[in-house]
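Read off the chains here:
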Amino acid sequence: MGLQASGKSTFYEQRLLGRYELVGKDLFPRAARHKQARQMRLVEEALALGRSVAIDNTNPSPEEWRPLVAAAHAHGATVTAYWFPPDPEGSLRRNAARWGRDRVPDIGIHATVKRLRRPTRADGFDAVLEVRFDGRGGFRVRPTPDGT
């Protein structure tokens, strides 16, 4: 969970690729309809087959993540939130370096900042981990104070 251009997709590629099936609304065609329903269907299908799933989205609030948490728990899966603390200036800078479909309008980042809320275990997560850039092209991951 985090702003656009916060490192979520790169984190997946570096840390989760090959162990978790990737699902995310950005993987659908831009004009696709019912993206939330489509994403939920893919998550449910993967979980039903016993696969681990990584959802690569901003997921800024409980309204977005609550159905995903419920689906995972319904299938007996452990749910870990990877929290990318907001750095609007950094996200805008990284986003400006993107091209084509990967670049989002700056207004999208500003809108997400307004809705973004840090997840906690009280939201149903089994763990909440904070992810930050390590300054060497990778990431530093640590539990949040209440997310052990």
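Here the structure is a predicted model, which means the values were calculated and not measured.

K.L.:
How do you make sense of the sheet that holds strand β4 (residues 127-133) when you look at a structure like this?
P.N.:
The strands making up a sheet associate through hydrogen bonds between their backbones, and the pairing can be parallel or antiparallel. Taken in spatial order, the three strands line up as β3-β4-β5 in an open sheet, and their pairing is mixed. A strand with exactly one partner marks an edge of an open sheet, and here the two such strands are β3 (80-83) and β5 (139-143). The average angle at which neighbouring strand axes cross in this sheet is 25°, direction not considered. Docked against the sheet, helix α1 (residues 8-16) engages β3, β4 and β5, running at close to 85° with respect to β5.

K.L.:
In this structure, what is going on with the layout of surface pockets? I would like to understand it.
P.N.:
Empty space among the atoms becomes apparent when a probe as large as a water molecule is rolled across them. Roughly 1100 Å³ of internal volume is contained in the largest pocket. The wall of the largest pocket is formed by 33 residues, among which Q4, D26, T58, R98 and V104 lie closest to the centre. Going through the elements one at a time, α1 and α5 (106-115) are the ones with two or more residues in the lining of the largest pocket. No other element matches α1, which puts five residues into the lining of the largest pocket.

K.L.:
I keep staring at unusual backbone geometry and nothing clicks. Help me out?
P.N.:
Negative phi is the rule for most residues except glycine; trans is the rule for most peptide bonds. We note that A5 has phi near 60°; this positive angle belongs to a residue other than glycine. Checked against the element boundaries, A5 lands in the segment before α1. Despite not being glycine, N59 has its phi angle at roughly 40°, a positive value. Tracing the chain through its elements places N59 in the loop between β2 (53-55) and α3 (62-74).

K.L.:
Would you explain the pattern of salt bridges in this entry?
P.N.:
Two side chains with opposite charge may pair up if their charged atoms get near one another. All chains considered together, the criterion is met by eight salt bridges. In this structure, the salt-bridge partner of D106 is R103, at a minimum N-O distance of 3.7 Å. What makes D106 partly exposed here is its relative accessible area of 32%. Across the pair R117 and D123 runs a salt bridge, and its minimum N-O distance is 2.9 Å. Judged by its relative accessible area of 34%, R117 is partly exposed. Three or more residues are tied together by salt bridges with common partners; here these are E130, R132 and R142.

K.L.:
Honestly, the pairing of β4 in this entry has me stumped. Any pointers?
P.N.:
Strand residues, when the strand is regular, have side chains that alternate between the two faces of the sheet. For β4, the tally of buried residues reaches five of seven residues, placing the bulk of the element in the interior. Judged from the four bridges that link them, β3 and β4 form a sheet pairing that is parallel. If you follow W83 over to β4, its bridge partner there is E130. Where β4 meets β5, five bridges bridge the pair, whose relative direction is antiparallel. The residue of β5 that forms the bridge with L129 is P143. In sequence, β4 turns back onto β5 through a hairpin of five residues, with G135 there showing a positive phi of about 85°.

K.L.:
Teacher, can you tell me more about the packing of aromatic side chains here?
P.N.:
The way to describe two aromatic rings as a pair is by their centre distance and the angle between their planes. By the definition in use, this model includes six aromatic pairs. Aromatic side chains W65 and F125 sit 5.8 Å apart centroid to centroid with 65° between the ring planes, which places their arrangement in the edge-to-face category. Remark: F125 occurs in the loop between α5 and β4 and W65 occurs in helix α3; sequence separation between them is 60 residues. Residue W65 is classed as buried on the basis of its relative accessible area, which comes to 2%. What makes F125 buried here is its relative accessible area of 5%. An aromatic cluster is present here, built from F11, Y82, F84, F133 and F139 joined pairwise through their rings.

Cut-offs and rules
Residues numbered from 1 in each chain as written. Predicted model: local features only at pLDDT ≥ 70, side-chain atom pairs only at ≥ 80, totals over all residues. Heavy atoms only, no water. Pairing = 2+ DSSP bridges. Helix = DSSP H or I, 4+ residues; strand = E, 2+ residues; numbered from the N terminus. Axes fitted to C-alpha atoms, helices over the stretch in contact; angles between N-to-C directions. Contact = heavy atoms within 4.5 Å. 1 Å grid on protein atoms, 1.4 Å probe; cavity = no way out; pocket = protein on both sides within 12 Å on 5 of 7 lines; lining within 4 Å. Points joined across faces, edges and corners; volume = space filled by probe spheres on them. Salt bridge = Lys/Arg side-chain N within 4 Å of Asp/Glu carboxyl O. Buried < 20%, exposed > 50% of the residue type's maximum accessible area, 1.4 Å probe, protein only. Phe/Tyr/Trp six-rings, centres within 6.5 Å; stacked < 30°, edge-to-face > 60°.

From the geometry alone we can't say anything about function, so treat these as descriptive.
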